[in-house]
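A closer look at the structure
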Amino acid sequence: YYYYYYYYYYYCYECYASQGIPESVTAEFTPMNKTTVAVQFKEFGIGPFKFKAPEFFKGELRTTYVDDQMRISRGDKDNLFVLLRA
């Protein structure tokens, strides 16, 4: 998923909260240019509960560094994301 800005697809991220409750996020990425994607959140899940994201839950991600093991991106609210390949 490192080169996600070349593709249009749904992405589902699942993690576990500190108490073992699964959390998930589904989003749609649309390329804007070579390094930036528009993000439209589609669904959130906490444990067995899932709900659709409102239409205004959207943003942008700009990739500032990428190699074969790591990707660094900034969100449109200046959040920093450092993702390592598992």
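Because the structure is a prediction, the values reported are computed rather than measured.

Ring pairs (aromatic) are described by centroid distance and by the angle formed between their planes. On inspection of all chains with the given rule, the structure shows four aromatic pairs. Relative to F44, the ring of F41 has its centre 5.8 Å away and its plane inclined at 25°; by these criteria the two rings are stacked. On the basis of relative accessible area, F41 is assigned to the partly exposed category, the value being 27%. Exposure remark for F44: the relative accessible area of 18% places this residue in the buried category. Ring plane angle 70° and centroid distance 5.9 Å describe the contact between F44 and F57, whose orientation is recorded as edge-to-face.

Further remarks concern the confidence of the model for the chain. Per-chain confidence: the chain averages 78 in pLDDT, with 77% of residues scoring 70 or above. Throughout residues 1-10 the model reports pLDDT below 50, and contacts reaching past four residues in sequence, or to other chains, amount to 42 contacts.

Basis of the calculations
- Residues numbered from 1 in each chain as written.
- Predicted model: local features only at pLDDT ≥ 70, side-chain atom pairs only at ≥ 80, totals over all residues.
- Heavy atoms only, no water.
- Phe/Tyr/Trp six-rings, centres within 6.5 Å; stacked < 30°, edge-to-face > 60°.
- Buried < 20%, exposed > 50% of the residue type's maximum accessible area, 1.4 Å probe, protein only.
- pLDDT = per-residue confidence, 0-100.
- Contact = heavy atoms within 4.5 Å.

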